[in-house]
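# Overview (structure and organization)
One letter stands for each residue in the lines below.
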Amino acid sequence: MDHAGTLWANRISVVAGKRCSTPICVTATVALDTGTATVALEQNGKEIAIDAGDLAWMFQSWTCYCCGSRERKLSISAASPEESREAFYSKYSNLRAVESGEDVRQKARLEAAMTNGDVLCICMRCGSRDEQHMFNQVCDALIMSADLVTYTESSSNTRRRRCSSAKQAVPESSEVVDEAQANQHMEELLAELEIEGACKAAKVRRKNKQKRCNRKPCNCPEGQRGVEQQCQAVGEEAETMKNHLGRESDEDARLAVKIEEKQTLEDAPVEDKDADLAAEIVQKQTGGDDPVEDNDADLAAEIAQK
């Protein structure tokens, strides 16, 4: 396979603190008898030799042509696996982070970190079985040349582009299934809400029933039973009026006693004075030699009139 089979291939290096990207040419030769491939990398007409120990780690990812799943694989150096693993995870958090934000449809990607600090990035077509097979052969050739071993693999589902109209029946059936599942989920949610509402209503009824049991029994007539609040208000008002009238009657009784005592005190001295005066006048009339004067007679008449 010549460079026409690659979408792009670059060698990224850091020169004087600046990141530089240089295009490279990828050439693969497949042996018909063994089926293995030999990969040659060229930069500005010079070959890039890849020997054992030249690569610290290599990441490869592709989309399976039959099931549409995205396959990812990480290979590390067999001579220094711990250093290679730490070098990869110091740059990326996981395998999916390598392709974050990129369009990976019908594309295969290879990224290899060299021990001198440079990075090789190769993107190839991967829309058919032959293209996927060729990409795997290139990766296997670099793994054998650099003496790498597989460290971890992962797989995730992706959406594939539907090119022919004959394959559109599958998404329609899946849409029907999705709609049925959505309806079932909605019915389950409504049923849960209905049960929750019924539980709340039952709880409110129990509270109201407990309040009614804690109240005093109603002694109203048969036709007015059930109106507990009105009966209680009427009973409280009647009790208040009774207490008020009782206090007024007590005050009136005390006031009447005071008036009677006052009248008794006022009348008693007058009668005693009149009695003494009348006795004195009678004594004058009976025992005295002087005739009774007219004024004394008038006074005695007035006293007798009283």
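Preceding this paragraph is the structure being described.
Before going into details, it helps to say that this report is about the structure given with it. Computed from a prediction, not measured in an experiment: that's the story for all the values here.

What follows deals with the pairing of strand β1 (residues 6–15). As judged from the six bridges shared by β1 and strand β9 (residues 119–125), these two strands associate in the antiparallel manner. Note that in β9 the partner of A9 across the bridge is I122. Looking at chain direction, β1 and strand β2 (residues 18–23) are connected through six bridges and run antiparallel. Across the sheet, the residue bridging to I12 is S21, located in β2. Connecting the antiparallel pair β1 and β2 is a turn made up of two residues, with A16 showing a positive phi of about 55°.

So, about helix α2 (residues 129–146). Taking 1.5 Å of rise per residue, the 18 residues of α2 would be expected to cover 26 Å, and the 26 Å separating its terminal C-alpha atoms lies within 8% of that figure. For α2, the set of buried residues is Q132, M134, F135, Q137, V138, C139, A141, L142, I143 and A146. Between the side-chain oxygen at the start of α2 and the backbone nitrogen of E131 there is a gap of 3.5 Å, and the oxygen is on S128. Once α2 ends, the next one or two residues include D147, with phi positive near 55°.

A few words on the side chain of S13. Inspection of the secondary structure puts S13 in strand β1. In this view, S13 contacts K18, R19, C20 and D118; residues no more than four positions away in its chain are not counted.

Before going further, it helps to examine a positive patch on the surface. Residues K203, R205, R206, K207 and K211 make up a contiguous surface patch of positive charge. In this structure, K211 sits in helix α3 (residues 169–214). Classification of K211 by relative accessible area gives exposed; the value is 52%.

Conventions and cut-offs
- Along every chain, residues carry numbers that run from 1 in the direction the sequence is written.
- Local features in this predicted model are restricted to residues whose pLDDT is 70 or higher, and side-chain atom pairs enter the listing and the counts only when it is 80 or higher, whereas totals over whole chains, interfaces and linings include all residues.
- Water and hydrogen atoms play no part in the side-chain values, which are based on all heavy atoms of the structure.
- DSSP-based pairing: two strands are paired if at least 2 bridges between them are found.
- Put simply, DSSP H or I for four residues or longer makes a helix, DSSP E for two residues or longer makes a strand, and each gets a number counted from the N terminus.
- In this scheme, a helix's expected span is set at 1.5 Å multiplied by one less than its residue total.
- Relative accessible area decides the class of each residue, using a 1.4 Å probe on protein chains only: under 20% of the type maximum gives buried, over 50% gives exposed, and in between gives partly exposed.
- In the analysis that follows, any N or O atom pair within 3.5 Å is treated as a polar contact, provided that within protein one partner can donate a hydrogen and the other can accept it, and provided that, for residues neighboring in sequence, both atoms belong to side chains.
- Residues count as neighbours in contact if any of their non-hydrogen atoms are within 4.5 Å of one another.
- Here, patches come from residues exposed beyond 30% relative accessible area and free of salt bridges, joined within 9 Å for like charges and within 5 Å for nonpolar side chains (Val, Leu, Ile, Met, Phe, Trp, Tyr).
- Surface accessibility follows the Shrake-Rupley procedure with a 1.4 Å probe radius. Residue values consider only the protein chains on display as shielding.
- Salt bridge, as applied in this entry: a Lys or Arg side-chain nitrogen positioned within 4 Å of an Asp or Glu carboxyl oxygen.
- Residues scored as charged are limited to Lys and Arg (positive) and Asp and Glu (negative), so that His and the chain ends carry no count.
- For charged residues, the charge sits on one atom: NZ in Lys, CZ in Arg, CG in Asp, CD in Glu.

In short, the description is geometric, and any link to function would need to be established separately.
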